[in-house]
Amino acid sequence: MKRNPDFYIPRGKDHAFHPQPGYPDAQQWWFHDSVFDNGYCMELMFHMTHKMVSIWFHVCDPDGNVTHLVPLFPTGDVVASNETLDVKIGDNYMRGKYPRYELRFRCGDSGADLIYECMTEEFMEPPDGVFIGREQSPATPVYFGYVCRPRCRVTGKLILSSKEIEVNGQGHGDHQWANIGVEKLPMYYWYYGRGYLPKHTIVWWDTQLNQTFGYQRAKFLWVYKGKELFEYLRNAAMYVEPGDYEIDPESGILCPKKTVFILDERQIKGTATYTRKRIIENIPSGGFDNPASSGPRGGWTRYVRYLSHCHSKFEIDGETLEADTMELQELGI
C-alpha cells in the first residue's frame, strides 16, 4: 500500500530563508544539480552562515573539463523572504513557487540562467522537515533539516568564458539547514544516489551517524511513481556495496569506481549498479568549514561528488523496470 503523499508535501515557506536565532554556528544552503542531454552536468549551491555567504558553481563538460567558481559575499548583500523561495545575493537569485523555480548566477564571464520544473511532488518529512534530531522545542543539541524537489526538468543556459550553452536535462533541488556547521554534521560517512527511470524516481541515502545519535545507521529511501510519492522509509532494507577502489590523487581517499545499490523491500526490490565516469566536485577537509565555529568535526572529512553510468533493474509494485541512465552520486567520508 503506497504512502499518503499529502502528508509529505512542504509549504512554500519550507523552501524560504530559515532564521535560526540563538545558533551562531547555524548554516543553510540551497543545492541544485542537473545532468544535461548534451553531456554537460552542473551543480549550483547558495550557502549561508551568519558571517559569510558564498555561491558554489561546478560545471563539467562532455570531455571531463571542470569549472569551479566559489565567489564570496558579505551578509549585507542578502535579501531573502521568510515566506517563499525568494533569495537574492547581489545580482544572483533563486525564486519561485511549486512547480517552477528560476535561478540566476553570474561570476565574471561565467554563470547560468536555469528553470527547474518539478516532475515529482516535493518532499518534506512531517512536521517541519527536520529528519536528523529535533528542532521543535525541546530541540536536540544537533538537528538537520531537508526539504527537496527530487526530480525536475531543467532548461536554460550555462555561460562559460562568455560562451552561452543551451541546456536541457533533469536534476534535483533542495533546501537544507542545521544548527551547527556542516563540517560538524553527525555523520562518519554517507553514500547518496538516485535513479531517474522513465515513470519512476528512486532516491537513496545511506549514512552512519556518530556518537551524538548513538552510532545509528540511517537508510533513507524515496520512491515516486509518476509524480506521487509511492514509498518513503527511514530505515529501508537496502545495502550499498562499493568496490573497485582507487586512491583519488586530489583528495587522497579511497574512492569506489563501482557501487552496487541493493534494495529488498516488500513493494520495491532490485539493484542499481553505478560505474563512476568522472569526478565533478572534490572538497578536502576544511572546505565546508564554518569560520564562526569551533570544536571537532562530526566525523566526515572529505566530500566527493561524481557522475556515473547507472544500470537499474527493479520490481516496483509487481512491475519489472530496467534502465540505463547517467546519474550524480555523493560520497562523504
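Our subject is the structure that appears above.
Below you will find a few notes about this structure.

Okay, the overall build of the protein next. For the protein, the helix and strand inventory stands at one helix and 23 strands. Each of the three principal axes of the protein carries a C-alpha extent, and together these read 55 × 50 × 40 Å. Counting only residues that meet the buried cut, the protein has 56% of its 333 residues in that class. Of the contacts formed within the protein by residues at least 6 apart in sequence, a portion of 58% connects residues at least 24 apart. Summing over all exposed atoms, the protein offers an accessible surface of approximately 13900 Å²; the carbon and sulfur share of this is 51%.

With that settled, consider the environment of Glu 125. Tracing the chain through its elements places Glu 125 in the loop between β11 (123-124) and β12 (130-132). By relative accessible area, Glu 125 is classed as buried at 11%. Through-space distance from the C-alpha of Glu 125 to that of Leu 328 is 23 Å; in sequence the pair is 203 residues apart. Excluding residues that lie within four positions of it along the chain, Glu 125 makes contacts with Val 130, Phe 131, Tyr 232 and Arg 234. At 2.7 Å, the side chain of Glu 125 and the side chain of Arg 234 are in polar contact.

Here Ser 308 shows up in strand β22 (residues 303-316). Of the residues examined, Ser 308 reaches a relative accessible area of 0% and is grouped as buried. Side chain to side chain, Ser 308 and Gln 329 meet in a polar contact 2.5 Å long. Residues contacting Ser 308, with those up to four places away along its chain left out, are Tyr 274, Thr 275, Arg 276, Lys 277, Thr 325, Met 326, Glu 327 and Gln 329.

Turning our eyes to something else, we now look at the environment of Gly 12. The residue Gly 12 is located in helix α1 (residues 12-15) in this model. Its relative accessible area of 40% is what places Gly 12 among the partly exposed residues. Taking the C-alpha atoms as reference, Gly 12 lies 9.1 Å from Gly 96; in sequence the two are 84 residues apart. Not counting the four nearest positions on each side in its chain, Gly 12 is found in contact with Glu 83, Thr 84 and Leu 85.

Another point: unusual backbone geometry. Put simply, Pro 126 and Pro 127 share a cis peptide bond, and its omega is 0°. With respect to the helices and strands, the residue Pro 127 is situated in the loop between β11 and β12. Looking along the chain, the bond that leaves Ser 137 and enters Pro 138 is cis, with omega of 0°. You can see Pro 138 is positioned in the loop between β12 and β13 (144-160). Within the chain, Ser 161 stands out as a residue other than glycine whose phi angle is a positive 50°. With respect to the helices, strands and loops of the structure, Ser 161 is situated in the loop between β13 and β14 (163-178). Look at Ser 161 and you get exposed, because its relative accessible area is 56%. With a phi angle near 75°, Ser 162 is a residue other than glycine that sits in the positive phi range. Its location among the elements puts Ser 162 in the loop between β13 and β14. Looking at Ser 162, the relative accessible area reads 55%, which means it is exposed.

Burial runs high along strand β2 (residues 41-49): nine of the nine residues are buried. Residues Cys 41, Glu 43, Met 45, His 47 and Thr 49 of β2 are buried on one face, and the alternating residues Met 42, Leu 44, Phe 46 and Met 48, pointing to the opposite face, are buried as well. Strand direction decides the pairing type here: strand β1 (residues 27-36) and β2, joined by nine bridges, are antiparallel. Bridge pairing in β2 places Asp 33 opposite Glu 43.

The rules behind each value
- Residues numbered from 1 in each chain as written.
- Predicted model: local features only at pLDDT ≥ 70, side-chain atom pairs only at ≥ 80, totals over all residues.
- Heavy atoms only, no water.
- Helix = DSSP H or I, 4+ residues; strand = E, 2+ residues; numbered from the N terminus.
- Buried < 20%, exposed > 50% of the residue type's maximum accessible area, 1.4 Å probe, protein only.
- Contact = heavy atoms within 4.5 Å.
- Areas by Shrake-Rupley, 256 points an atom, 1.4 Å probe, with all protein chains shown as cover.
- Polar contact = N/O pair within 3.5 Å; in protein donor to acceptor, adjacent residues only side chain to side chain.
- Pairing = 2+ DSSP bridges.

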